[in-house]
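Analysis of the macromolecular model
So the chains spell out like this:
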Amino acid sequence: MHIAIAGNIGCGKTTLTKMLAKHYGWTPMFEPVDHNPYLADYYADMARWAFNLQIYFLTKRFQDVVDIARHPERAVVQDRTIFEDARIFAPNLHRMGRMSDRDFDTYTEMFNLMMSLVKLPDLMIYIRSGVPNLVNQIAKRGREYEKTMGIDFLLGLNELYEEWIKQYPGRLLIVDGDTMKFESDPEAFGYITEQIDRRLFGIFPEED
């Protein structure tokens, strides 16, 4: 079983991944951030390193989905998905002029080839969050290389997320990251697990 968590930078994907893994006993699969050889360079000079970074993420994410497919007996909750790289981050960089037409076309061809071998997750959880909340959360975690990230960059990502999620063809759960503080509010987290139980397991609360 494959559960994926999508959302903009700083929306709480990693936190929710850890919480769901603990609650259900699922195997967590995290985004490769701490050991990413391109990330710091990318935030210092996006135009120079955008293609390199996106190819790195695409390769790692494809390795993850291949690994998930090879072990169908294992329940995995994944922090960010291969779809976000190609539908959100690469197009945003292209729109901003930080990825050339040539690089974007090459990247898209690679992604489309990979998609012929990739299945949708059993459930996609999208954490929707406004830019003020994202900026606040990014500042709290204090990653030095993220300090150069502009508001326009986050706004562009949010616009693409909304375009993508409207057309997403699979099973979907949308979480309001601005109002549902699941990391500190047991009721909010309980609502999320209830919705997951409904969608994945057909479990309904007794009062229903």
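Scroll up to find the structure.
By convention here, each chain's residues receive numbers from 1 onward along its written sequence. Residues qualify for local features only when their pLDDT is at least 70, as the model is predicted, and side-chain atom pairs are given and counted only at 80 or more; totals for whole chains, interfaces and linings, by contrast, use all residues. As a rule here, side-chain values cover all heavy atoms of the structure and leave hydrogens and water aside.

1. Considering the overall build of the protein chain
- In this text, helices come from DSSP runs of H or I with a minimum length of four residues, and strands from runs of E with a minimum of two, each type numbered from the N-terminal end. Across its full length, the protein chain holds eight helices and five strands.
- Taking 208 residues into account, the globule formula puts the C-alpha radius of gyration at 17 Å, and the protein chain, at 17 Å, falls close to it.
- For the protein chain, contacts bridging at least 24 residues in sequence account for 77% of all contacts bridging at least 6.
- With residues, only the protein chains shown are counted as cover, and all accessible areas are computed by Shrake-Rupley using a 1.4 Å probe. Working note: accessible area of the protein chain is about 10,700 Å², and carbon and sulfur atoms make up 51% of it.
- Taking the average place of the 24 positive charges on the side chains of the protein chain and the average place of its 31 negative ones, the gap between the two points comes to 3 Å. The quantity called the radius of gyration is restricted to C-alpha atoms. Its globule counterpart is 2.2 Å times the number of residues to the power 0.38. The criterion used for residue contact is that any of the two residues' heavy atoms lie within 4.5 Å. Positive charges are assigned to Lys and Arg, negative charges to Asp and Glu, while His and the chain termini are left out of the count. To locate a charge, take atom NZ for lysine, CZ for arginine, CG for aspartate or CD for glutamate.

2. Considerations on the sheet that holds strand β3 (residues 76-79)
- Within the open sheet, the five strands sit side by side as β2-β3-β1-β4-β5. Their pairing is parallel. Looking at which strands have only one partner, the edges of the open sheet turn out to be β2 (27-29) and β5 (172-176). Taking each pair of neighbouring strands and ignoring which way they run, the sheet shows an average axis angle of 20°.
- Inspection of the sheet shows strand β4 (residues 123-128) paired to β5 by five bridges, in the parallel sense. Bridging from a neighbouring strand, arginine 128 pairs with aspartate 176 of β5.
- Seen against the sheet, helix α1 (residues 13-24) touches β1 (2-7), β2, β3 and β4 and runs at an angle of roughly 170° to β3.
- Where helix α7 (residues 151-166) meets the sheet, it contacts β1, β4 and β5, and its direction lies at approximately 145° from that of β4. Any two strands are treated as partners once DSSP identifies two or more bridges connecting them. Geometry is summarised by axes, namely lines fitted to C-alpha atoms with helices restricted to the contacting stretch, and by angles between N-to-C directions that run from 0 to 180 degrees.

3. Points about the layout of surface pockets
- With a 1 Å grid laid over protein atoms only, a set of points is called a cavity when a 1.4 Å probe fits there but cannot get out and a pocket when it is open yet has protein on both sides within 12 Å along at least five of seven lines; lining residues have an atom within 4 Å of a point. Grid points are joined across faces, edges and corners, and a volume is the space filled by probe spheres set on the points. Size it by volume and the second largest pocket reaches roughly 280 Å³.
- Considering the residues around the second largest pocket, the lining is formed by 13 residues, among which His2, Val65, Ile68, Ala69 and Lys119 are closest to the centre.
- Of the residues forming the lining of the second largest pocket, the biggest block, five residues, is contributed by helix α3 (residues 46-70).
- For the lining of the second largest pocket, a count of residues per class yields 10 nonpolar, one polar and two charged. Gly counts as polar in this scheme, as do all residues outside two lists: the nonpolar Ala, Val, Leu, Ile, Met, Phe, Trp, Tyr, Cys and Pro, and the charged Asp, Glu, Lys and Arg.

4. Structural notes on the packing of aromatic side chains
- Two rings belonging to Phe, Tyr or Trp (six-membered ring only in the last case) form a pair when the distance between their centres is within 6.5 Å. Interplanar angles under 30 degrees mark stacking, angles over 60 mark edge-to-face geometry, and anything in between is tilted. Under the counting rule described, the total for this entry stands at 10 aromatic pairs.
- Taken together, a centroid distance of 6.0 Å and an interplanar angle of 45° make the contact between tyrosine 38 and tryptophan 49 tilted. Highlighted residues: tyrosine 38 in the loop between β2 and α2 (39-44) and tryptophan 49 in helix α3, separated in sequence by 11 residues.
- Judged by relative accessible area, tryptophan 49 falls into the partly exposed class, the value being 21%.
- Their ring planes at 70° and their centres at 5.6 Å tell us that tryptophan 164 and tyrosine 168 sit as a pair that is edge-to-face. Summarising the burial analysis for this pair, tryptophan 164 and tyrosine 168 share the class buried.
- Cluster of aromatic residues (ring-pair linked, three or more members): Phe89, Tyr126, Tyr161, Trp164 and Tyr168.
- Here the basic side chain of arginine 48 rests over the ring of tryptophan 49, its NZ or CZ set 3.9 Å away from the ring centre. Three exposure classes are used, based on accessible area relative to the maximum for each residue type with a 1.4 Å probe and protein chains only: buried under 20%, partly exposed in between, and exposed over 50%. Here, a charge over a ring is recorded when the distance from Lys NZ or Arg CZ to the ring centre is within 6 Å and its angle to the ring normal is within 35 degrees.

5. Quick word on the side chain of lysine 13
- Structurally, lysine 13 is set in helix α1.
- In what follows, salt bridge is the name for a side-chain nitrogen of Lys or Arg lying within 4 Å of a carboxyl oxygen of Asp or Glu. Although lysine 13 is buried, it forms no salt bridge, and the closest oppositely charged side chain is aspartate 79 at an N-O distance of 4.7 Å.
- What qualifies as a polar contact is a pair of N or O atoms within 3.5 Å, subject to a donor-acceptor requirement within protein and to the restriction that residues adjacent in sequence count only when both atoms come from side chains. A polar contact is formed between the side chain of lysine 13 and the backbone oxygen of glycine 7, at a distance of 3.2 Å.
- Side-chain polar atoms of lysine 13 contact the backbone oxygen of asparagine 8, separated by 3.2 Å.
- Residue contacts for lysine 13: discarding those within four places in its chain leaves Ile5, Ala6, Gly7, Asn8, Asp79, Arg80 and Ile127.

6. Quick look at α1
- The span you would expect from a helix comes to 1.5 Å times its residue count less one. With 12 residues, α1 extends 16 Å between its outermost C-alpha atoms, agreeing within 8% with the 16 Å of an ideal straight helix rising 1.5 Å per residue.
- What α1 keeps buried is the set Lys13, Leu16, Thr17, Leu20 and Ala21. Viewed end-on, α1 has its buried residues packed into an arc of 135°, placing them on one side of the element. For α1, the exposed residues lying more than 90 degrees away from the buried face are Lys18 and Lys22.
- On its buried face, α1 sits against β1, β2, β3, β4 and α8 (186-201). Here the arc refers to the directions that run from the helix axis out to each C-beta atom.

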